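Coordinates in review
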Amino acid sequence: MKLAGRVALVTGGSRGIGKAIVWALAKEGAKVAFVYRSNQEAADKLVADLELDQHEALAIQADVKDKKQADAAVEKVLEKWEKIDILVNNAGIIRDGLLALMEEDMWTDVIETNLNSVYNFCHAVTRPMMSARYGRVINMSSVAASYSNPGQANYAASKGGVEGFTRCFATELARRGVTVNAVAPGFIETDMTEAVVNAAGAQIKKAIPVRRLGRPDDISNAVLFLASEESSYITGQVLTVDGGLSLGGM
Ligand code: NDP
């Protein structure tokens, strides 16, 4: 197994893409802690399912926007397993609206959840990873960071910020054996995209060269590679996983 003996922390691990990442890391032998916001039922079920499959798992309720809660979550993992080798900053939300109609809380909620959270958790793991001279950080971006979708100024700004952050942080930690990369998914079928897929699924599929929507496993496979030893010469990169959506062909 690729990740035997490794310890991972995944934010937003209770559902969707994060849940697929938790499973992918666990199946390769990592002990996996994950953070969720409010859906305790989903979190408890995931821990029970992982334990049933002989994996070590820990669910932590925390709001990723809150630095103190992020610090406490990291502390809990360190107390239990004494290290964090892999951090996946996956938690994210959308609150779409044209800017003229975008209330301040729609802006701050998205920026704080999607971008401040990346600072909160990366800051908390920096010293432990530097001391261990090993780490894999994977931040969840989106093709929206490079696209011009009306109604997503807040989301695009947050994900563009994640990509810039990823490049800078990568250069700071490269000499310490820590790689920092981002993954930019296209349209992946989760709760987040349910409404838009219901409204325009067929049209979206036509714009994707592989002619299907993405599945959470498409993203977890990419994350698994960036979380493994095999990716040690890749840092500061954004890996797009979108079925060719961003190629701009017909
Ligand atoms: P989901 O809405 O399915 O799941 C979101 C997860 O994030 C849940 O586990 C949720 O916890 C958690 N979460 C949200 N806000 C907070 C918070 N404040 N504190 C702690 N946890 C929080 O999202 P997806 O799986 O679709 O998306 C995952 C990531 O992938 C996001 O960063 C998203 O921007 C990105 N992405 C998704 C795409 C897609 O097509 N789905 C495309 C491009 C990028 P809880 O269950 O408790 O609510």
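Nothing here was measured: the structure is a model prediction, and the numbers come from that model.

1. Some details on the site of the ligand
Of all residues adjacent to the ligand, which total 31 residues, the nearest are Arg15, Ser38, Asn90, Tyr155 and Thr190. Between the ligand and Tyr155 there is a distance of 2.5 Å, counted from an oxygen atom to a side-chain nitrogen or oxygen. Here Thr190 contributes a side-chain N or O atom positioned 2.5 Å from an oxygen atom of the ligand. A majority-of-atoms criterion places the ligand in the largest pocket. Looking at the shell around the ligand, the elements that each hand over two or more residues are helix 1 (16-27) and helix 5 (153-173). In the shell around the ligand, the residues fall into twelve nonpolar, 14 polar and five charged.

2. A word on the side chain of Ser158
Relative to the helices and strands, Ser158 resides in helix 5. The class for Ser158 is buried, based on a relative accessible area of 0%. If near-sequence neighbours (up to four positions away) are discounted, Ser158 is found in contact with Val110, Ile111, Asn114 and Leu115.

3. Remarks on helix 5
Across its 21 residues, helix 5 extends 30 Å between first and last C-alpha, which sits within 8% of the 30 Å expected from 1.5 Å per residue. Among the residues making up helix 5, those that are buried are Asn154, Tyr155, Ala156, Ser158, Lys159, Val162, Glu163, Thr166, Phe169, Ala170 and Leu173. Packed against the buried residues of helix 5 are helix 4 (104-132), strand 5 (135-140), strand 6 (178-185) and strand 7 (238-241).

Rules and cut-offs
- What you see as residue numbers is a count from 1 along each chain, following the sequence as written.
- Predicted model: local features are reported for residues with pLDDT of at least 70 only, side-chain atom pairs are reported and counted for 80 or more only, and whole-chain, interface and lining totals are derived from all residues.
- Note that the side-chain values use all heavy atoms of the structure and ignore hydrogens as well as water.
- To be near a molecule or strand, a residue needs just one of its heavy atoms within 4 Å of it.
- Each polar contact in these results corresponds to two N or O atoms within 3.5 Å; when the atoms are within protein, one needs to be able to donate a hydrogen and the other to accept it, and residues that are neighboring in sequence are counted only if both atoms are side-chain atoms.
- The way it works is a 1 Å grid over only the protein atoms, where trapped points that fit a 1.4 Å probe form a cavity and open points with protein on both sides within 12 Å along at least five of seven lines form a pocket, and then any residue with an atom within 4 Å of a point lines it.
- To be counted as sitting in a cavity or pocket, a molecule needs more than half of its atoms within 2 Å of that site's grid points.
- A run of DSSP states H or I qualifies as a helix once it reaches four residues; a run of E qualifies as a strand once it reaches two. Both are numbered from the N-terminal end.
- Classification convention: Asp, Glu, Lys, Arg as charged; Ala, Val, Leu, Ile, Met, Phe, Trp, Tyr, Cys, Pro as nonpolar; all other residues, Gly among them, as polar.
- Between buried and exposed lies partly exposed: a residue is buried under 20% and exposed over 50% of the maximum accessible area for its type, with that area taken using a 1.4 Å probe on protein chains only.
- In what follows, a contact means two residues having at least one pair of non-hydrogen atoms within 4.5 Å.
- What a helix should span is 1.5 Å times the count of its residues minus one.

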